[in-house]
Number of protein chains: 2
Amino acid sequence: MTKFVYSLAEGNRDMKDLLGGKGANLAEMHNMGLPVPPTFTISTQACKAYLAQGQEPAELSAQIDDAIAEIEAEIGKKLGDPTDPLLVSVRSGAKFSMPGMMETVLNIGLNDASVDGLAAITGQPRFAYDSYRRLIQMFGKTVIGIDGEKFEHILDETKKAKGTTNDLDLDVADLKTIVDKFKGVVREATGRDFPQEPKEQLLEAMRAVFRSWNAERAVLYRRQERIPADLGTAVNVCTMVFGNLGMDSGTGVAFTRDPASGAKGVYGDYLENAQGEDVVAGIRNTMSLADMERVDKAAYDELMGIMTTLEGHYKDLCDIEFTVQNKKLWMLQTRVGKRTAEAAFKIACQLVDEGVIDEAEALQRVSGDQLAMLMFPRFDGAAAKAKIAKGMNASPGAAVGEIVFTSSAAVDAKTAGRPCILVRRETNPDDLNGMIAAEGILTSRGGKTSHAAVVARGMGKTCVCGAEELDIDTHGGTMTLRDGTVLRAGEVISIDGTSGEVFRGEVPVVAPPVVQYFEGTLTREEIAADELVNAVDRIMSIADRQARLTVRANADNGEDAARARRFGAQGIGLCRTEHMFLGDRRELVEHLILAENDEQRQHAMDALAPLQKGDFIEILEAMDGLPVTIRLLDPPLHEFLPSHSEITAKAAVAQARGEELSDADKKVAAAVERMHEQNPMLGLRGVRLGLVITGLFRMQARAVLEATAELRQRGKDPRPEIMIPLVGAVQELEIMRSRIEQTAKEVSERTGVAMQDTPIGTMIELPRAAVTAAEIAGHAEFFSFGTNDLTQTTWGFSRDDVEAAFFSNYMESGIFGVSPFETLDIKGVGELVRMAATAGRQARPDIHLGVCGEHGGDPASIHFFNEVGLDYVSCSPFRVPVARLEAGRSAGVGGSDSR
Amino acid sequence: MTKFVYSLAEGNRDMKDLLGGKGANLAEMHNMGLPVPPTFTISTQACKAYLAQGQEPAELSAQIDDAIAEIEAEIGKKLGDPTDPLLVSVRSGAKFSMPGMMETVLNIGLNDASVDGLAAITGQPRFAYDSYRRLIQMFGKTVIGIDGEKFEHILDETKKAKGTTNDLDLDVADLKTIVDKFKGVVREATGRDFPQEPKEQLLEAMRAVFRSWNAERAVLYRRQERIPADLGTAVNVCTMVFGNLGMDSGTGVAFTRDPASGAKGVYGDYLENAQGEDVVAGIRNTMSLADMERVDKAAYDELMGIMTTLEGHYKDLCDIEFTVQNKKLWMLQTRVGKRTAEAAFKIACQLVDEGVIDEAEALQRVSGDQLAMLMFPRFDGAAAKAKIAKGMNASPGAAVGEIVFTSSAAVDAKTAGRPCILVRRETNPDDLNGMIAAEGILTSRGGKTSHAAVVARGMGKTCVCGAEELDIDTHGGTMTLRDGTVLRAGEVISIDGTSGEVFRGEVPVVAPPVVQYFEGTLTREEIAADELVNAVDRIMSIADRQARLTVRANADNGEDAARARRFGAQGIGLCRTEHMFLGDRRELVEHLILAENDEQRQHAMDALAPLQKGDFIEILEAMDGLPVTIRLLDPPLHEFLPSHSEITAKAAVAQARGEELSDADKKVAAAVERMHEQNPMLGLRGVRLGLVITGLFRMQARAVLEATAELRQRGKDPRPEIMIPLVGAVQELEIMRSRIEQTAKEVSERTGVAMQDTPIGTMIELPRAAVTAAEIAGHAEFFSFGTNDLTQTTWGFSRDDVEAAFFSNYMESGIFGVSPFETLDIKGVGELVRMAATAGRQARPDIHLGVCGEHGGDPASIHFFNEVGLDYVSCSPFRVPVARLEAGRSAGVGGSDSR
């Protein structure tokens, strides 16, 4: 016979799979000797059986009877006893926290008879009938599925009749009437009376919890959070304890340290004569935990002792829910508490100093995401601020600019050099250009998965969304505050994407101290004086010591390279040469593209060559002694010409006027027409360009090699690596490699500087390259995974287009938990990375493996890259500290053995 | 000690790896007792060792000495003997035939002394000195690497001085002078005399053959033909025999059956008093083999006997090279002969009838490519034709149309409904639109890998290229024939892509008899009366009996479906619903796209629904009783709107005129702008469209299901399968599947026809789908591999763009042996297909697997699909017979055990 029901004594905190998080932690506390109300847990296995068969297992009912009998014996009350009834709550509790997703029914055990027994024994008839009212309401809504509005309506009507809006003004008679009416609602909906039998109440509530696992919102939440669908939920049946039995009762929540600031010492709220729901409802102001000592010193002292015990036991910040019933303290829940980024760093170091955890463990207590939070620009805390609204913190950062209401106004403001905030009720794909142009985005509707939120996060742009108190009229061009103040386009506002706050006027933005620390502008004294910066400093040094992966930066010029170096980069993983083709060199590039014969083409390249050489000298000098991976030209050449639509329109206008295009324009038009591609992302770019425009890659390679020779002659230590982009077939690499080797030979001969040791490698950014990696490795000293392009081709969508088109829809419907451009899609794209890394290493054991897509700076992705045995990650200079931290963390969890 | 040298007695035809094709077959003939001149073969291993170490293995020289001594003993002559020298040829011979790629040196053993011996013993001084001249010339060019022009120039000057252009007019004195001058050329180039030592001549020639393996043209050829680079070549050292020693000598080539028509009986050419080179030079007309009987009956009879023996031995058509030296017949080469498509089918059946091979073997003697050749439209053989030129048969078929010289003229002609032939010196990517518009393409330059040839084959468009006798002046708009006749634009020509011929005027095009056979328009008597058709009929029935793969067709309407059925399709593997959205329904689709709210959108879909249902009734009826896989809408919706450039130009013109666009145009412009994608191939299409435009796929599914219900109620047996395109994540399929299942339930309830058995499956056309196939199989009754899209995303290029941009470059440089859109790229794309098929079958053993990309009709690809265990291939109706044949052939070579 399968065991489906567990007593507290039979559980512990490691049994979350079977008992859920809440049940496992209740058992843990019980076994530590802490006061937990008698409880039993119906396992997730029972849930899975119920969902598979549409009914609970046959043996479950008897097991529940036994468990109830045990509780009855312990408490000395009986379920359904008309004189002194045992009441229980039925609460869901899955392995992973799914806030707001699951169901709870309180006060099970009350019926028409026992309600009077409860009234008599507590001497509080109002309390008893209010409890009964709550049971019927929760049961009706949760178990039977009656629209909650029906019950609320009856409550509202009764209060209206009494001329009040406060539940507390309802007396026993009112509540009795309400109970009758509630029972009528149940009868009407089901054709049956509200069940009087407590066991039936309990089983029905349990089934409702089971079913709630597959409720639409739960399915969606799991899909978004990538929680497996087949875990099921446990059900906790807990003896009810009441904090609302008088002034010697109460309820509260507490943290063993301040989860916001990370300050040492307990932190929490207490509310006398109240239940948990009342705290949420905010009927009265709570008191701080410190004040609880004054009202109930014994309970307070016991609680303090318990909190010390819990923290020592869990070795971490715990959060707690408790209730005092007639001076008796009961623990209702505990778990390792959530905390802010700042608190995480401080607490991790505090716990090391207190000898509770070691350094390796401290590293696991913080995350790159948290470090990133500490590095976002922020508003000067000391500055005066006029807060006008609060929305959701959809994408962090601090942005200041004038209000614009349309995408085109944003583009205009940007063009005019005026920073702006795009303000919309909600955004849609048409707003994309405006979102790109704006400093930040503010919407009055939509949550964290709305279009605005998703796209802004993807862009790394500050966004506050769903600021519902703002009335935004884009047609009228006004944003009206709750107090009636009207703001118009052009007025400056400041938005805080980290807190969700919106301010009127310009709030000064400052670099947070953690960034100052990484920039190297703080003295050792200043670092020591700031608990947070000091903690970051300590944690970073642990991370650097543990890391197996090294961290490089993506940088295209000396300035970025220098910053990356300050931030701790150990090289450049991606130097894009296309950025060197822009600006005042555009004309030379146009000559190259418009060249009509080899001579003209060579002429254009000869003009570009010395400029390229200068670029490489600058960056190799900034990274002296460290590797610099230089990628030869990647994007399609037509990116350097006007758009096809633009030139077609120009020609059409000329024709309509009976004019001719100028010869120069004609030439450009012909080139644009010739090079126009329906799908440039899948077109003539990367190595294909290098093979078709013979000489182009050779010119670039020569510039790299000559820059290197010159620096070596000057006594420097430049370490370039030449990278061929977009290789799909080994033949492409073979041909290009032999051309570059030939060039290296020539440069060596001319300069007398040996150059044959320059590593030549390739991007792995096409599925075909990943699949044929073994072959390709035969001709590559290194692979650099271009996970952006690899994501595009593996999924078959282009980053530019999809973020506008269907990404928000996919996020909302949970097809993506997170954008695959933000965090590597491990199942799909990651599988190709793993295959290629394994095959490449097998074919060439000393091959050097790295990643240079945006994922190189993403925490979850870094752990994967460590696991599959890459040698380095490369990311934008600003992300380098995050990557260093995660490189250390990933090594700390066993990643170092994965090769 | 490694054995590097093999006598004929030590070899046989299965030793091609070691001895090359030529050496292995010479050994085979020798061991059959046929007269082969004494020969030894230096193995490919020696070549590989030479190439790896830059010199031949130490033991090789002694082994060669032994082999020479053996030949000397057999022949009774000695190498370098000044009175009666043994002469040998040194010929390359790799495992795979590489025509024109490798090297040969004849007459080795001649020097200043032995040339007089040869003159004396043959009594033909002119012959002796001509042979010596040839040796020095070949040696100088091939072994030393002297520009061949230098020798030709001396020859030409000598002839000019004598006032002749014919070699035969040179006498002994002339040839002696030439020999001296040739030796001078050698001395000048090397600083040494021409080597007089025969062994040195032999070794140097052998080394040259070895080195020729890595010559640029050989490397390129191997890359194009996908011949492994590490095989190396063997070297055959053969005793020279001479067909030019008088009228009792001669040389010839022969086939055991007619390789062109397939007619029974030997076929070949003979030339008296000549060497092989003379046949090629075309100095005199050859005689037919039949006439040889008259001039040398004994040799003829012996040859006939040998040919019968060879065919019996090889059990196939053989081709032969032979020489008669003073009435003695020598066999110089044999191999299984190449033949035309027609001959292949006839000979396969002849051999079965003769009891030489069985039916299974007969099936391996023909190919789908050959069957396809027999199905191309052709010119009426009986019609009068005015042939004006002959070029290369670059892409088969017969095309008739007026001459156009520019891409835009082609487009104009097409628009006006006038068929045209695009005539260019050569084509480039700018000509793409014209190539699409034209019936056929004719160029005067470029070979079979030229842009015109590659692109035309990719499009399946008739093309003749490199017709050098045509002088094409596109600017002047003229095409001048060799006789001076000038043809201008507008004049009709006919081009035969199968033969390379060009005709003036319109030649009637007819369906070849094999197509008439498949169409079912021939009677059994007519079939029996035509040897070719009869052979095709017999072979097809063998193929159908052997096949494991079934063959379906891609068809979008009843007519195509009916033809596919006649051609033997066992279902529809791909019915594209987008084609049903075109034509006079475009307006409804535009309403759908322009809909501003759900109501308008629903309205548009409601209008489309009954039309769609009609489409499905038509196709399901035509395929009654057979499966029809219907793919829901795949392409991006904006394909149904004007292009972005077009509408931008329209707006710019209106603005320039100070006008406004009409409201309708404004709406369209807004939609075009909204839906514009940089990379539509990677955009909002397939299942993404279905998820974003809720209701669209449901409407289509409902139309399928209602059509099915109606047909079932009418007693028919419709078998639809619903296919979701472009799935990348199982979540997409899950959501869409549950919507369709809901729709099926609704239709079942409304119509009373059970519909829940309708299979629902997905395309596997994204790398991510292939990588996560196991998961996806959990929700799909079938996979259909969309290898076109899978090729695009795996390689990262789009079919439309690349064929214009860099494909011809890639073909020429050998990066592709064949376009991956023509034949599946087995190493890359194929690996993903294999992974997905294996994982899908593992996850769901009864999953049905097929392919519906263009590769479903490609012979090489079909063999791969059979090997990885797919259940069916689907291709265009016209390719169905080819696919049936290859399905049978692939099963015949062990493919049936691969599952």
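Whatever comes next refers back to the structure up there.
First, a word on what this report is: a plain description of the structure on this page.

Thresholds applied
- Residues numbered from 1 in each chain as written.
- Chains lettered and ligands numbered in written order.
- Predicted model: local features only at pLDDT ≥ 70, side-chain atom pairs only at ≥ 80, totals over all residues.
- Heavy atoms only, no water.
- Helix = DSSP H or I, 4+ residues; strand = E, 2+ residues; numbered from the N terminus.
- Buried < 20%, exposed > 50% of the residue type's maximum accessible area, 1.4 Å probe, protein only.
- Contact = heavy atoms within 4.5 Å.
- Axes fitted to C-alpha atoms, helices over the stretch in contact; angles between N-to-C directions.
- Parallel < 35°, antiparallel > 145°, perpendicular 65-115°, else oblique.
- Left-handed = near helix turned anticlockwise from the far one by under 90°.
- Nonpolar A, V, L, I, M, F, W, Y, C, P; charged D, E, K, R; others polar.
- Pairing = 2+ DSSP bridges.
- Buried area = accessible area lost by both parts, 1.4 Å probe.
- Salt bridge = Lys/Arg side-chain N within 4 Å of Asp/Glu carboxyl O.
- Polar contact = N/O pair within 3.5 Å; in protein donor to acceptor, adjacent residues only side chain to side chain.
- Least-squares fit on C-alpha atoms with pLDDT ≥ 70 in both.
- Phe/Tyr/Trp six-rings, centres within 6.5 Å; stacked < 30°, edge-to-face > 60°.
- Lys NZ or Arg CZ within 6 Å of the ring centre and 35° of its normal.
- Expected span 1.5 Å × (residues − 1).

Focus on the environment of Val868(A)
All names here are of chain A. Along the chain, valine 868 falls in the loop between α36 (859-867) and β33 (872-875). Overall, valine 868 belongs to the buried group, its relative accessible area being 13%. Separated by 38 residues in sequence, valine 868 and glycine 830 place their C-alpha atoms 9.2 Å apart.

Observations regarding helix α15 (residues 368-375) of chain B
All names here are of chain B. With six of its eight residues buried, α15 lies for the most part within the structure. Three or more residues of α15 are buried, namely Gly368, Gln370, Leu371, Ala372, Leu374 and Met375. Buried-residue contacts for α15 involve α13 (341-353), β13 (378-379), α19 (513-519), α21 (531-546), α36 (859-867) and α37 (880-892).

Details of the packing of helix α23 (residues 586-594) of chain A against helix α24 (residues 598-622) of chain A
All names here are of chain A. Interaxial distance between α23 and α24 falls to 8 Å at its minimum, and their mutual angle equals 155 degrees. Classified by the angle their axes make, α23 and α24 are roughly antiparallel. Crossing hand, α23 versus α24: left-handed. On α24, the residues touching Leu588, Val589, His591, Leu592 and Leu594 of α23 are Gln600, Arg601, Ala604, Met605, Ala607, Leu608 and Leu611. The residue inventory of the contact of α23 with α24, partitioned by class, reads nine nonpolar, two polar and one charged.

Description of the sheet that holds strand β2 (residues 39-42) of chain A
The strands that make up a sheet pair up through hydrogen bonds in the backbone, lying either parallel or antiparallel. All names here are of chain A. Read across the sheet, five strands follow the order β1-β2-β7-β5-β6 without closing on themselves; strand pairing throughout is antiparallel. Whereas interior strands pair on both sides, the edge strands pair on one side only; in this sheet they are β1 (5-7) and β6 (104-108). The average undirected angle you get between the axes of adjacent strands in this sheet is 25 degrees. Bridge count between strand β5 (residues 88-94) and β6: three bridges; the pairing is antiparallel. Residue arginine 91 lies in a different strand from β6, and its bridge partner there is threonine 104.

A few points about the interface of chain A and chain B
Often the size quoted for an interface is simply the accessible area lost on bringing the parts together. Every contact between the two is made by 56 residues of chain A and, on the other side, 56 residues of chain B. Carbon and sulfur atoms supply 61% of the area that chain A and chain B bury against each other, a total of about 4,900 Å² over both sides. Residue Lys827(B) is joined to Glu775(A) by a salt bridge in which the shortest nitrogen-to-oxygen separation is 2.1 Å. Where chain A packs against chain B, one counts 16 residue pairs in polar contact (both at pLDDT 80 or more). Every element with two or more residues in the side of chain A that touches chain B is listed here: α25 (644-656), α27 (687-692), α29 (730-751), α30 (767-771), α32 (787-795), α33 (799-805), α34 (807-812) and α35 (826-843) of chain A. Ranked by the residues each element gives to the side of chain A that touches chain B, the list is headed by α25(A), at seven residues. Of the residues that constitute the side of chain A that touches chain B, the class distribution is 25 nonpolar, 17 polar and 14 charged.

Some details on the relation of the copies chain A and chain B
It takes a turn of 180 degrees to lay chain A on chain B, together with a shift of 0.0 Å along the axis; the resulting RMSD is 0.2 Å. Taken together, the rotation and translation describe the operation of a two-fold axis.

Observations regarding the packing of aromatic side chains
Enumeration over the complete set of coordinates arrives at 38 aromatic pairs over all chains. Ring geometry for Phe139(B) and Phe194(B): centres 5.4 Å apart, planes at 85 degrees, overall edge-to-face. Residue Phe139(B) is located in helix α5 (residues 125-144), and its partner Phe194(B) is located in the loop between α7 (172-190) and α8 (198-212); the two are separated by 55 residues in the primary sequence. Here Phe139(B) and Phe194(B) have matching classes, each one buried. Site record: aromatic cluster; members linked through ring pairs are Trp795(A), Phe797(A), Tyr810(A), Phe816(A) and Phe821(A). Sitting over the face of the ring of Tyr6(A), Lys3(A) holds its NZ or CZ atom 4.9 Å from the ring centroid. One cation-aromatic arrangement involves Arg13(B) over Tyr314(B); the distance from NZ or CZ to the ring centre is 4.9 Å.

Thoughts on the sheet that holds strand β12 (residues 328-336) of chain B
Residues and elements named next belong to chain B. Read from one edge to the other, the open sheet built from five strands follows the order β10-β9-β8-β11-β12, with strand pairing classed as antiparallel. The two strands at the open ends of the sheet, each matched to only one other strand, are β10 (287-288) and β12. Pairing between strand β8 (residues 250-255) and strand β9 (residues 267-272): six bridges, direction antiparallel. Bridge pairing in β9 places threonine 251 opposite leucine 271. Its contacts with the sheet put helix α12 (residues 297-314) on β8, β11 (318-325) and β12, and the angle it makes with β12 is roughly 25 degrees.

Looking at the packing of helix α15 (residues 368-375) of chain A against helix α37 (residues 880-892) of chain A
All names here are of chain A. Viewed as axis vectors pointing N to C, α15 and α37 meet at an angle of 155 degrees, and their least axial separation amounts to 9 Å. Relative to α37, the element α15 is oriented roughly antiparallel. For α15 against α37, the interelement crossing comes out right-handed. Facing α15, whose interface residues are Gly368, Asp369, Leu371, Ala372 and Met375, α37 presents Pro881, Val882, Leu885 and Glu886. Of the residues that constitute the contact of α15 with α37, the class distribution is six nonpolar, one polar and two charged.

Observations concerning helix α21 (residues 531-546) of chain A
All names here are of chain A. Between its first and last C-alpha, α21 extends 23 Å over 16 residues, near the 22 Å set by a 1.5 Å rise per residue. Burial in α21 covers these residues: Leu532, Val533, Ala535, Val536, Asp537, Ile539, Met540, Ile542 and Ala543. Looking at the buried positions of α21, the neighbouring elements they touch are α13 (341-353), α14 (359-364), α15, α19 (513-519), α20 (524-529) and α37. You can read the cap of α21 off the contacts: a side-chain oxygen lies 2.9 Å from the backbone nitrogen of leucine 532, and it is on aspartate 530.

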